[in-house]
Amino acid sequence: MLTADTPNSEQALLADAAYLSPDDTIVVRRALAMAQKAHAGKVRIEGCPYVEHAIAVARILASWHAPVEIVATGLLHDVLKENYAAGVSLAMVEAEFGPAVSDLVHEVSRLGRLGHIYPASGSEDRLDSAKYIIERLPWVASALSRSPLAVVVKIADRLHNAQSTHVHVPERKYAFAAGSMNIFVPFAERLGMRAAKRELEDGAFCILQPDRCGQIVETYPLAARQESVAEIVQRLQQALDEQGIPAQVISRARSYYNLYLLETAQRSPVLLHLAHPIVVITEGVSTCYQAMGVIHQVWPPQPDQIRDYIAAPKPNGYRALHTFVRYQPGEDLLIAVRQRQMDLVADFGLTAWWRGVPEILLPTFPAWRDPPPGKINVLTPDGDLMMLTKGATPIDFAYAIHAGLGHQCTGAVINGRMASLNQPLESGDVVKILTSRVGVGPSLDWLDIIKTSKARNFIRRWFKAEKPEEMEEKGWSLLEAQLRESGILLASPQAADQLELVAKRAGFESRQDLLIAIGLGKRKPKMIAAAMRKPLQGGAAATSLQATIVSLARSDLPQRLAACCRPLPPDRIVGYVTSRNAVTIHRADC
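Residues numbered from 1 in each chain as written. Predicted model: local features only at pLDDT ≥ 70, side-chain atom pairs only at ≥ 80, totals over all residues. Heavy atoms only, no water.

### Section: the sheet that holds strand S8 (residues 409-414)
- Pairing is antiparallel in the open sheet, where three strands are placed in the order S9-S8-S10. The sheet is open, and its two borders are formed by strand S9 (417-419) and strand S10 (431-435), each paired with just one other strand. Taken pair by pair, the neighbouring strands of this sheet meet at an average axis angle of 35°, ignoring direction.
- Two strands pair when backbone bridges link them, and S8 and S9 are joined in this way by three bridges, in the antiparallel orientation. Considered in S9, the bridge of isoleucine 414 is made with arginine 417. (Pairing = 2+ DSSP bridges. Helix = DSSP H or I, 4+ residues; strand = E, 2+ residues; numbered from the N terminus. Axes fitted to C-alpha atoms, helices over the stretch in contact; angles between N-to-C directions.)

In C-alpha cells, the structure reads:
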C-alpha cells in the first residue's frame, strides 16, 4: 500500500505517474496546486497536512495506471469538504479542468457520505441495523451505472483512510471497518477490483475480529503456503511445456478473510496447498481450453465441478475456466485458467482498461430502476439487481438466480450478517447465498416460507423428480386424514376407485399423480376429499376405527414410522394402510 507521509510526496506522485504524457503531467501539477490551496492549513487527525491524503489517493490511482482526469480527481476529491477545505468551488474546478473532472469530483463528494453510514456512537442497535445501508444502496447502484469511475476514486480514498484507523477511538475504528466490509468490499467486487477488495476486507477483518484474524494469519503463513504449492506449479508447468502450450503457471494468495470464510464453511482447517489457488495464464482464448485438457491429463477432473466463465462471464467481467481436480485421495484442487487480459480483469476489473484491456472485456452496470408496488429490488454481492415479490426470502432470491443455487441453499448473509432463510428481504438488501458442496436438496418446509411462484415451482419439480414416493405418501396421509372425519377409509377398494375417478376428472393420469400433487401442495386435500365423499358416504368404504391395525405384530404388511411425527415409545400409535399396501405408523395425536 502506498503511504502519504513520504518525503517529497509531490515528486513521488510524479514518479508514479511517469506513464503520463508531458502535457498530462502539467495537468497533474495544476490539480496539485489547487488541492494545496483548498487544504491549506488543514490537518488530518493523525497530524499530517490534509493535502498529503489527497496526494496519497492520487498515487494509488496512478499505481493503477489511471488516466490524467482520474489522477486529477484523486487530488481534488475532497476540495468540496467544508471541514477540511476552503476557497475552491465546483465551478472553479470545471473552469480549470473541464466538466469531466468536475463531474467526477461532484460524484465522489456525494459518495463521501458512504463513509458515515455506520455511526461511531458504538450503539449495537444502530450498528446492527440494516436501514442505514438500505436507504443508500439504491443511490450507490445508480452511481455505479452513472459514474462507476467515481466509485473507483472513492475506493482509492478508502484504501488510504484504512491506514490511519489506528489513531481513532475503538468505536470509530469499528464503524469504519464495518462500513468497509458491508459497503466498499461488495462494490469493489462488483467493479471487478478484486485486488482492492482483498486489501479492504483483510483490513476490516483485523479490526472486526482481531483474535480470529490473528489465528488465521498464524495458521496460514505466506511462506508455507507458497512452499506447499511449489511442486504443483512445477509439475503443471512441465506438463504444459511438454505439450507445447504457451502458458505460465502461478499461485495467487487468498486473503486472510477468504481463508476464514473457507474454514467456516467447511468447519475445518484449509489445507495449505488449497490456501494458494493455482492460476494458468495463457496467451489466447483457444489456448485456455487446450490448457484445461492438459490439466485433466495430469489430474482427473470432478465432472460436476467444471465452470466455463469464458463462455458465460460473471457480471463483474470475470472470465476464466475453473476446474476441481482430484489431486490426492480425498483432496480436490481448484485450478483457474485465463488468458492474460482476463487475468488483468480478474484483479483490476473496470480499471484494467487503463492497462490496455479492451472495453468489451470490462464489467457492465445495469441502471437502477425503482420497483413497482408490491415488489422489491435486492442486490447480489456483485451488485446485480433482482426484482422479487415483497416479503420474499433468501430462498426466493436463490431460486431467482438459478434452480441449482436454490436446491443447494443452506444459509444466507444479508448486508454482511448471517440471517435465517425465512427472514423477509427489504429493498436494497445485499444478499449472499451459502451453499453446500453436498447436494442436500430443498426442504418441504420451504413451501410455507417462500413468496414467489418461481421458487415454488422449482421446489415442487425437485420433489416430484427426486422423491415421488415420499410425496405420494404424504398426499395419501393428508387425504386420509380428511376422509377419516367422515368415517371413510381411503384404503378401501371403493375409495381407491373413486380416487382414481377424481384424478382422471382433474386431469391427472393416475391417482398416484394426484397424491403427489396433494403432497406437494398443488391440490388441497380438503377439496379432493369433498369430491370423493358424497359417492362414498353410506357405502362399504364408510367405516370407523376398525380400520386401524391394532396388532402390528400379527400383520404381514410392511411397516414404517411416519416422517411427520416420528413416534417413539411410549407414544400411543395408529397405523394406516397406504397406497402401496404398507402400514405407516403415526402418533395417535398426529
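Here the narrative resumes, following the displayed structure.
### Let's talk about the nonpolar core
- Leu61, Trp64, Leu76, Val93, Ile155 and Leu191 are the most contacted members of the largest nonpolar core, which totals 73 residues.
- In this structure, Leu388, Leu425, Trp462 and Met471 belong to the second largest nonpolar core, which totals 29 residues. (Core = buried A, V, L, I, M, F, W, Y, C linked by side-chain atoms within 4.5 Å. Buried < 20%, exposed > 50% of the residue type's maximum accessible area, 1.4 Å probe, protein only.)

### Overview of the packing of helix H5 (residues 90-97) against helix H6 (residues 99-111)
- Viewed as axis vectors pointing N to C, H5 and H6 meet at an angle of 150°, and their least axial separation amounts to 7 Å. The angle between the axes of H5 and H6 places the two elements in the roughly antiparallel class. On the side of H5, the interface is formed by Leu90, Val93, Glu94 and Phe97, while H6 contributes Pro99, Val101, Ser102, Val105 and His106.
- Along the lines of polarity and charge, the residues of the contact of H5 with H6 split into six nonpolar, two polar and one charged. (Parallel < 35°, antiparallel > 145°, perpendicular 65-115°, else oblique. Contact = heavy atoms within 4.5 Å. Nonpolar A, V, L, I, M, F, W, Y, C, P; charged D, E, K, R; others polar.)

### Considering the packing of helix H1 (residues 9-16) against helix H3 (residues 50-63)
- The geometry of H1 relative to H3 is characterised by a closest axis approach of 9 Å and an angle of 15° between their N-to-C directions. Relative to H3, the element H1 lies roughly parallel. Between H1 and H3 lies a crossing whose hand is left-handed. Contacts between H1 and H3 involve Ser9, Ala12, Leu13 and Asp16 on the former and, on the latter, Glu52, Ile55, Ala58, Arg59 and Ala62.
- Residue composition of the contact of H1 with H3, grouped by class: five nonpolar, one polar and three charged. (Left-handed = near helix turned anticlockwise from the far one by under 90°.)

### What about helix H18 (residues 394-401)?
- Most of H18 sits inside the fold, with seven of its eight residues counted as buried.
- Looking only at H18, the buried set comprises Pro394, Ile395, Asp396, Phe397, Ala398, Tyr399 and Ala400.

### Let's talk about the pairing of strand S2 (residues 278-282)
- Of all the five residues making up S2, five are buried; the element is thus mostly covered by neighbouring parts of the structure.
- Sheet topology places strand S1 (residues 247-251) next to S2; five bridges connect them, and they run antiparallel. The residue of S2 that forms the bridge with serine 251 is isoleucine 278.
- Strand direction decides the pairing type here: S2 and strand S5 (residues 331-339), joined by five bridges, are parallel. Note on S5: the bridge partner recorded for valine 280 is valine 337.

### Some remarks on the sheet that holds strand S4 (residues 321-328)
- Taken in spatial order, the five strands of this open sheet run S1-S2-S5-S4-S3, and their pairing is mixed. Looking at the sheet topology across the chains shown, the edges are occupied by S1 and strand S3 (301-308). Between one strand axis and the next, the sheet turns through 25° on average, direction left out of account.
- Pairing between S4 and S5: seven bridges, direction antiparallel. Bridge pairing links leucine 321 to valine 337 in S5.
- Relative to S1, helix H14 (residues 222-242) is tilted by about 170°, and along the sheet it contacts S1, S2, S4 and S5.
- Sheet strands touched by helix H16 (residues 285-298): S2, S3, S4 and S5. Its angle to S4, the strand with the most contacts, is close to 15°.

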